[in-house]
Amino acid sequence: MINNLVIVESPAKARTIEKFLGKDFRVTSSMGHIRDLSKKDFGIDLKNNYTPEYIVPNDKKKIVNELKKLVKEANTVWLASDEDREGEAIAWHLFEVLKLDPVKTRRIVFGEITRNAILESIKNYRAIDKNLVNAQQARRVLDRLVGFELSPVLWKKVKPALSAGRVQSVAVRLIVEREREIINFKPVSTFRTTGIFNTKNSDGKNFQIKSELDQRFRDKSTAFEFLGKCRGAEFRISDIIKKPARKSPSPPFTTSTLQQEASRKLGFSVSQTMSVAQRLYESGFITYMRTDSVNLSQLALNVARKTITEEFGDKYVNIHQYKTKTKGAQEAHEAIRPTYIENSSVAGTNAEKRLYDLIWKRTLASQMSDAQLEKTIAEIAISTSSEKFVAQGEVILFDGFLKLYIESSDEENIEDSKGLLPPLRKDQSLENLEIVVAQRFTNPPARYTEASLVKKLEELGIGRPSTYAPTISTIQNRGYVIKEDREGKEREYISMKLRNGFIEETMEKENYGRERAKLFPDNIGMIVNDFLIEYFKEIMDFNFTASVEKEFDDIAEGNLLWTKMIDDFYKPFHKRVEETIENSDYSKGERKIGDDPETGRPVIARMGRYGPIVQIGDQETEEKPRYASLLKGQHLETITLEEALDLFKLPRTIGQYKGKEMVVGIGRFGPYVRHDSKFYSLKKGIDDPYKITSERAIELILEKMETDKNRIIKTFEDEPDLQILNGRWGPYIAYKKKNFKIPKNSDPSKLNKEECLKIINNPSSKKKKNNS
């Protein structure tokens, strides 16, 4: 007999909770949701008030049977799934599927897995909150209806195997619109003027002051004229302004701010951050990681005060609560913080240690004093001109929270860095060392990173803490959005320098537009976005998506019937779907970009069956069109006629090697040389498929042959599917398209066929996904 049975979602959470409860409790896991919407007819009975049709998936039936056995033996069942709406829904599904007795069933929630929090929740158990369950049901049903009705429209009108979703489609829209802003952006140049002056510091040593002119010139001639005025001019300090400044710490982490800061400081993707945070939570190291609250408990504040005092001293303490400003913030959970703030580190993987360190520092810093600074602004007058140079310096008088933590930013501005200034006095003369005028260009809006996209979604009230990571993963997995690095381009700019009375003008070069881990819309993402905006404007409207979240909140508070909310949405939406299928045109993103100069036939860019293509000719003429695939990074909207015609120059024959032709082309995996029915990849950034010579192609062929030769350790004539190969991580056995790890104490070159098959059939031999 079991006195108390506690059911949670994951084995890791179960193990941690078990440590804090006595022998009177048994803790087990449901392994996540035990029920899901059926696939048949959306899994929703549209005729019966949108009743969801839930099923227990096959892979969950064994777990359900085991839980039912345990429930029969238990006097009391404690449902301890997470404290958010999804957790409440999990508890409700367990209650329904296991046919639990309401009299002996308790619902408990806690924001941290600690002894005190768990025991306190047991004292204050409650019933399942059906309003929270209904809010979660409404989300799942609405998203299922949108996805299952929109996706077939895309299959018929755009391309097979596409999908759409209420939140994911809006996220794609943000990225597409930003990309078009960048495409249409026209840079404007101005001329920035900086001056370097020399003075003596208090020790009599020379000290250089860097300054910037208080205006930028719009054209080169005006800038050159200004430099002419500065020849022989006198420079003096015309004014000195000193003013105090303060910097306040940021609030403790919410889900979105943790995702943003982990991206900037640690280089984590949004999904990686949530995965690592989940493990920290389930291990009892941090509070619940899906929250939009910045509130800290009184206990946490007391421990923070004690820890800051011990680590830094009384003057660094400034205990206070923050107010949540997030649009449509959900339940008032606690912010993400260490469960034991006095612990500055925890055991775990490197990723877990780094994320915990970030959370610990942010939590403590939020309760530390403001940093106190003094800003000095020195204005430098020019005897021959009305313009002024401005030098700025900043001194930290008291570091406060900066002693522990500095928040990162998505903004990159290397021109605004401030240094120290020496003691200066009004009317002090300065020696000019040089004045530099450099042409500068305005920058387009920045592309989204995962972190900045989360920030934007939160600002618009789209989605909730639990939805950011899956949304961003989905739009990448669907191929609508690509996260990648892109190299910048080179451009020239005008530079003029006045030194020792002489003006020197040069043309300099700089790289611009380099991108790191940015989100780019793919061609199909842009086409789908345009189609949905044209035919489903409401679904793609930012305000609509945010208002839906507000309605979910109303349902959670018991102020709105979830079935009414679904009914009000679904009937006009379904009608729109039927009208679109009936009346809309096919959307291929087609665009005529010019005419082929050789044949006069039209050159068209569009989406083909297997991806974006350009074609010469159309289907209406007798002559068959010619097709070429776009290269990676090329867009249907921006490809030029010249770039399109270049694509038809391949494949091209560049010579022969050993009596066989060498043909250069571009395939799914990039540029290649084909020789004797084998393919050899061109080196990225080195080999140009339009210019590569036969000599270079032979080098690549020989290089690959040598690599393949060294790759094969051993083959077996009577078992051609069996090979011993060298891979990136060492020798392994390849057999029938599967790879197997070779034990460390074995010599790969001496293994015979029987020994290899024994390793393959050994259950403890881990299959390797890819070792080649």
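Rules used throughout
Residues numbered from 1 in each chain as written. Predicted model: local features only at pLDDT ≥ 70, side-chain atom pairs only at ≥ 80, totals over all residues. Heavy atoms only, no water. Helix = DSSP H or I, 4+ residues; strand = E, 2+ residues; numbered from the N terminus. Expected span 1.5 Å × (residues − 1). Buried < 20%, exposed > 50% of the residue type's maximum accessible area, 1.4 Å probe, protein only. Pairing = 2+ DSSP bridges. Axes fitted to C-alpha atoms, helices over the stretch in contact; angles between N-to-C directions. Core = buried A, V, L, I, M, F, W, Y, C linked by side-chain atoms within 4.5 Å. Contact = heavy atoms within 4.5 Å. Salt bridge = Lys/Arg side-chain N within 4 Å of Asp/Glu carboxyl O.

Trainee: Just give me the short version of helix H6 (residues 166–183), but keep the residues and values in it.
Mentor: In a regular helix each residue adds 1.5 Å, so 18 residues correspond to 26 Å; H6 covers 26 Å between its end C-alpha atoms and thus fits that length. Among the 18 residues in H6, 14 count as buried, and that is most of the element.

Trainee: Which residues make up unusual backbone geometry, and what values do they have?
Mentor: Residue Leu-650 is joined to Pro-651 through a cis peptide bond whose omega torsion reads -5 degrees. Structurally, Pro-651 can be placed in the loop between helix H17 (641–647) and strand E23 (652–657). Here the phi dihedral of Lys-658 falls at roughly 55 degrees; this positive angle occurs in a residue that is not glycine. One can find Lys-658 in the loop between E23 and strand E24 (660–667). Taking the relative accessible area as the measure of exposure, Lys-658 reaches 65% and is therefore exposed.

Trainee: Would you mind going over the sheet that holds strand E25 (residues 670–675) in detail, with residue names and values included?
Mentor: With antiparallel pairing, the four strands of this open sheet are ordered in space as E23-E24-E25-E26. Both edges of this open sheet fall to E23 and strand E26 (678–681), since each of them pairs with a single strand only. In this sheet, neighbouring strand axes are inclined to one another by 30 degrees on average, regardless of whether the strands run parallel or antiparallel. One ladder, built from four bridges, connects E25 with E26; its direction is antiparallel. Residue pairing across strands places His-675 opposite Lys-678, the latter belonging to E26.

Trainee: Mind laying out the sheet that holds strand E19 (residues 591–595), listing which residues take part and the relevant values?
Mentor: Two strands in a sheet stick together by hydrogen bonds in their backbones, pointing the same way (parallel) or opposite ways (antiparallel). Taken together, the four strands give an open sheet; going across it, the order is E19-E20-E21-E22, and neighbouring strands pair in antiparallel fashion. Two strands close off the open sheet at either side, each with one partner strand: E19 and strand E22 (626–629). Within the sheet, the average angular offset between the axes of one strand and its neighbour, ignoring direction, is 30 degrees. Looking at chain direction, strand E20 (residues 602–608) and strand E21 (residues 611–616) are connected through six bridges and run antiparallel. Considered in E21, the bridge of Val-603 is made with Ile-616.

Trainee: Break down the pairing of E19 for me, with residues and values.
Mentor: Here E19 pairs with E20 via four bridges, running antiparallel. Note that in E20 the partner of Lys-592 across the bridge is Ile-604. Counting the residues in the hairpin turn of E19 and E20 gives six residues, including Gly-600, whose phi is positive at 80 degrees.

Trainee: Quick rundown of the nonpolar core? Include the residues and the values.
Mentor: One finds Leu-355 and Val-614 to be the most contacted residues of the largest nonpolar core, which totals 127 residues. Of all the elements, helix H5 (residues 130–157) adds the most residues to this core, at 10 residues. Look past the residues within four positions of Leu-355 in its chain and what remains in contact with it is Leu-258, Ala-262, Leu-266, Phe-268, Thr-273, Val-276, Ala-277 and Leu-280. Counting residues in hydrophobic clusters, the runner-up holds 26 residues, among them Phe-191, Leu-421, Leu-430 and Leu-498.

Trainee: Got a sec to walk through the pattern of salt bridges? Specific residues and values, please.
Mentor: Evaluation of the coordinates by the stated rule reveals 52 salt bridges. Glu-88 serves as the salt-bridge partner of Arg-107, at 2.9 Å between the closest nitrogen and oxygen. Of this pair, Arg-107 sits in strand E8 (residues 105–107) while Glu-88 sits in helix H3 (residues 85–97), and the two are 19 residues apart along the sequence. Like Glu-88, Arg-107 is buried. Here Asp-370 makes a salt bridge to Arg-246, at a shortest N to O gap of 3.5 Å. Taken together, the residues Asp-370 in the loop between helix H11 (350–365) and strand E12 (371–382) and Arg-246 in strand E11 (residues 235–247) connect sequence positions 124 residues apart. Assessed through its relative accessible area of 15%, Asp-370 is described here as buried. Residues joined by salt bridges that share partners form a network here, namely Arg-139, Asp-143, Arg-166 and Glu-549.

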